[in-house]
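Geometric and topological summary
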Amino acid sequence: MATEGGAGLAKSAVEKLSDAMGEKTKQLGTAMQDVHRQRRLILVIVCVALFLDNMLYMVIVPIMPVYISTMWKATENLSSEANASGANANWAKSVLGRGYHPENEDIKIGVLFASKAILQLLVNPLSGTFIDRVGYDIPLLIGLTVMFLSTIIFALAENYATLFAARSLQGLGSAFADTSGIAMIADKYTEESERSRALGIALAFISFGSLVAPPFGGVLYCIAGRRAPFLVLACICLLDGLLLLTVMRPFGGRARANMPVGTSIHRLMVDPYIAVVAGALTTCNIPLAFLEPTIATWMKKTMGASEWQMGITWLPAFFPHVLGVYLTIKLAAQYPHLQWFYAALGMAIIGASSCTVPACRNFGQLIVPLCGICFGIALVDTALLPTLAFLVDVRHVSVYGSVYAIADISYSVAYALGPIVASQIVHTLGFPQLNLGMGLANVLYAPVLLFLRNVCHMKASHSERNILLEEGPKGLYDTIKMEERKGKGRPPHPAGEVEGNSLESYHRDLVGASEEDSSDYEYS
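Note that the structure is predicted; figures quoted are calculated from it, not measured.

Focus on the overall build of the protein
Within the protein, the regular secondary structure consists of 21 helices and two strands. Of all 524 residues assigned to the protein, the portion counted as buried reaches 51%. For the protein, long-range pairs separated by at least 24 residues make up 83% of all intrachain contacts whose partners lie at least 6 apart in sequence. In the structure as shown, the protein presents an accessible area of about 23700 Å², 64% of it carried by carbon and sulfur atoms.

Okay, here's the thing in structure tokens:
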């Protein structure tokens, strides 16, 4: 009897625990359905993905030169042992990488660093179109999965070819994760001030990942070995992917047939306003992309900088970057018509700061222009990334995969050229000439942003009318469906009017159904 009583109590306890867990699960599911909470969770997921991508991009900076040098020495030792035993020396070198030599080590490191941006540059046109077709959640999951595999390969790599493959694979993951993540934020945050704030937070995470990665990688490498930084990042990536599966349920069987058909990427590229923004994003990031692979060597030669100084060169710049993001968000909320001016001011600051870098004679002086460069980049990025989404809203169809693929291409151009071209320019012309050229490019491009000064006065009705005239009712139907799906999105015009004429009258004019009552058409 006592045994039966104990079993009954245990069963009762299990049932209570099961009921409690079921209730908690139900509460969690209800919370997931709340639009505001879901948007916050999505913002967290995207920010972590962007943080991871930039951490992995920069964490190899202090690790790879030492690791490749160690790899070369190990190869030499292995070759010597093979020669002593009569074995094939070429086979011995192939174990840890063929073609290593101290004289071409810098070239190999530069190619390794650039391979990520080069592949990202090549894949982005395809990933942007893919995102527009299937939505944002599945591409983000694909990107996180590829980044996880890339990070694991980095941790396990034993030769240069494997390192190169891991770096290139990261570019493939970034082309999906970065583009879909930024596009998802633009899609979920439809009100302009909220969108600017959310994109600003994402930019802060990008900056934090890029600037904290070198000291993080260097310290963890010294304490726990080369694999430790990559394994830590792989675990965070895995958790972020699991959170995405929980929140978004990308394979939950939701109907995608009602998704609006986005404007093709080649049509967006020839849009003059988008082209101006893309050019600004490339130009403003050139100083950062070109200085990262060259400034450490210059510091060692000109000011005798120590290893720790070269390792934390960019870390202080994180704070002015966040300050720039914060100021731009606040100013844009009060004076949204001056977005172009904030970006132009940022490019002028970048240009002036870049020109003063060669004049620095010690580490303390160098911090000032580097902070100026990052502050200016924050102004440009925070002002222009929301502008891209707004341009799509008012001139095209509100689907953001392709337009943010163009933004990612703009960044990738700078970072693909940086590790390869910058060293050649320094070798041929000199470090001061490199900085003067980059500074002059930014100062000269700043006035071009005057072309964007009237963007804020554009109305969504222009876009809808153009879509209707160019693509027929299908484009208009898609746009209206998108507005209804978003719920409380920006109403482009009162009572569904397009420049004084109703949507229905435009439809009747085009399809020749002027006598048909507009109530016969259902747009949902």
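Structure shown, so let's carry the discussion forward.
Details of the packing of aromatic side chains
All chains considered together, the criterion is met by ten aromatic pairs. Plain terms: the ring middles of Trp 340 and Phe 341 are 5.9 Å apart, the flat faces sit at 80° to each other, and that makes the pair edge-to-face. Trp 340 sits in the buried class, given a relative accessible area of 17%. The exposure class of Phe 341 is partly exposed, given its relative accessible area of 40%. Aromatic ring contacts, followed pair by pair, group Phe 51, Phe 208, Phe 318 and Phe 319 into a single cluster.

A few points about the pattern of salt bridges
Taken as a whole and assessed by the stated rule, the structure comprises six salt bridges. A salt bridge links Asp 53 to Lys 116, with the shortest nitrogen-to-oxygen separation between them at 3.6 Å. Of the two residues, Asp 53 sits in helix H2 (residues 35-59) while Lys 116 sits in helix H5 (residues 105-134), which places them 63 residues apart along the sequence. Lys 116 gets classed as buried once you look at its relative accessible area, which sits at 6%. A cluster of three or more residues bridged by salt bridges with shared partners is formed by Glu 192, Arg 195 and Asp 393.

Comments concerning the packing of helix H8 (residues 192-224) against helix H9 (residues 227-248)
One can describe the packing of H8 onto H9 by two numbers: an axis separation of 7 Å at closest approach and a directional angle of 120°. Classified by the angle between their axes, H8 and H9 sit oblique to one another. Each of Phe 216, Gly 217, Leu 220, Tyr 221 and Ala 224 in H8 lies in contact with H9, whose residues at this interface are Ala 228, Pro 229, Val 232 and Leu 233. When grouped by side-chain class, the residues that make up the contact of H8 with H9 number eight nonpolar, one polar and no charged.

Some remarks on helix H7 (residues 160-188)
Residue pairs spaced three or four apart in an α-helix point in one direction, given the helix's 3.6 residues per turn. Look at H7: 41 Å from first C-alpha to last across 29 residues, which is about the 42 Å you get at 1.5 Å a residue. Maximum bend of H7: about 30°, positioned at Ser 174. Counting buried positions along H7 gives 22 out of 29 residues, so the element sits mostly inside the fold. Where H7 begins, the capping side chain belongs to Asn 159, and its oxygen is found 3.3 Å from the backbone nitrogen of Ala 161.

What to know about the confidence of the model for the protein
With 71% of its residues at a pLDDT of at least 70, the protein reaches an overall mean of 78. Within the model, pLDDT remains below 50 along residues 484-524, and this stretch shows 61 contacts once partners closer than five positions in the same chain are excluded.

Structural notes on H8
The end-to-end C-alpha distance of H8, which contains 33 residues, comes to 45 Å, matching closely the 48 Å that a straight helix rising 1.5 Å per residue would cover. Largest kink in H8: about 40°, centred on Ala 213, with the proline Pro 214 one to four residues after it. Immediately beyond the C-terminal end of H8, within one or two residues, lies Gly 225, with a positive phi of roughly 100°.

Describing a nonpolar patch on the surface
A contiguous nonpolar surface patch, about 390 Å² in accessible area, is contributed by Val 111, Ile 118, Leu 122, Phe 164 and Ile 420. Among the elements that take part in the nonpolar patch, H5 stands out by supplying three residues, more than any other.

Let's talk about the environment of Phe 208
Looking at the element boundaries, Phe 208 is found in helix H8. In the structure, Phe 208 is positioned 153 residues away from Met 55 in sequence and 8.3 Å away in space, judged by C-alpha atoms. The residues contacting Phe 208, other than those within four sequence positions of it, are Phe 51, Ala 213 and Phe 318.

Topic: the packing of helix H11 (residues 272-291) against helix H15 (residues 339-356)
Running from N to C, H11 and H15 cross one another at 25°; their axes reach a closest spacing of 10 Å. Taken together, H11 and H15 sit at an angle that is classed as roughly parallel. You can see that H11 and H15 cross each other, and the crossing is left-handed. Contacts between H11 and H15 involve Ala 280, Thr 283, Cys 284 and Pro 287 from the former and Met 347, Ile 350 and Ser 354 from the latter.

Remarks on the side chain of Ser 115
The topology assignment puts Ser 115 in helix H5. Leaving out residues up to four positions away in the same chain, Ser 115 has contacts with Phe 164, Arg 167 and Ser 168.

Section: the environment of Tyr 57
Along the chain, Tyr 57 falls in helix H2. The sequence separation of Tyr 57 and Lys 116 amounts to 59 residues, and the corresponding C-alpha distance is 8.1 Å.

What counts as what
- Residues numbered from 1 in each chain as written.
- Predicted model: local features only at pLDDT ≥ 70, side-chain atom pairs only at ≥ 80, totals over all residues.
- Heavy atoms only, no water.
- Helix = DSSP H or I, 4+ residues; strand = E, 2+ residues; numbered from the N terminus.
- Buried < 20%, exposed > 50% of the residue type's maximum accessible area, 1.4 Å probe, protein only.
- Contact = heavy atoms within 4.5 Å.
- Areas by Shrake-Rupley, 256 points an atom, 1.4 Å probe, with all protein chains shown as cover.
- Phe/Tyr/Trp six-rings, centres within 6.5 Å; stacked < 30°, edge-to-face > 60°.
- Salt bridge = Lys/Arg side-chain N within 4 Å of Asp/Glu carboxyl O.
- Axes fitted to C-alpha atoms, helices over the stretch in contact; angles between N-to-C directions.
- Parallel < 35°, antiparallel > 145°, perpendicular 65-115°, else oblique.
- Nonpolar A, V, L, I, M, F, W, Y, C, P; charged D, E, K, R; others polar.
- Expected span 1.5 Å × (residues − 1).
- Bend = angle between axes of the 7 residues up to and from the residue.
- Polar contact = N/O pair within 3.5 Å; in protein donor to acceptor, adjacent residues only side chain to side chain.
- pLDDT = per-residue confidence, 0-100.
- Patch = residues over 30% accessible without salt bridge, like charges linked within 9 Å, V, L, I, M, F, W, Y side chains within 5 Å.
- Left-handed = near helix turned anticlockwise from the far one by under 90°.

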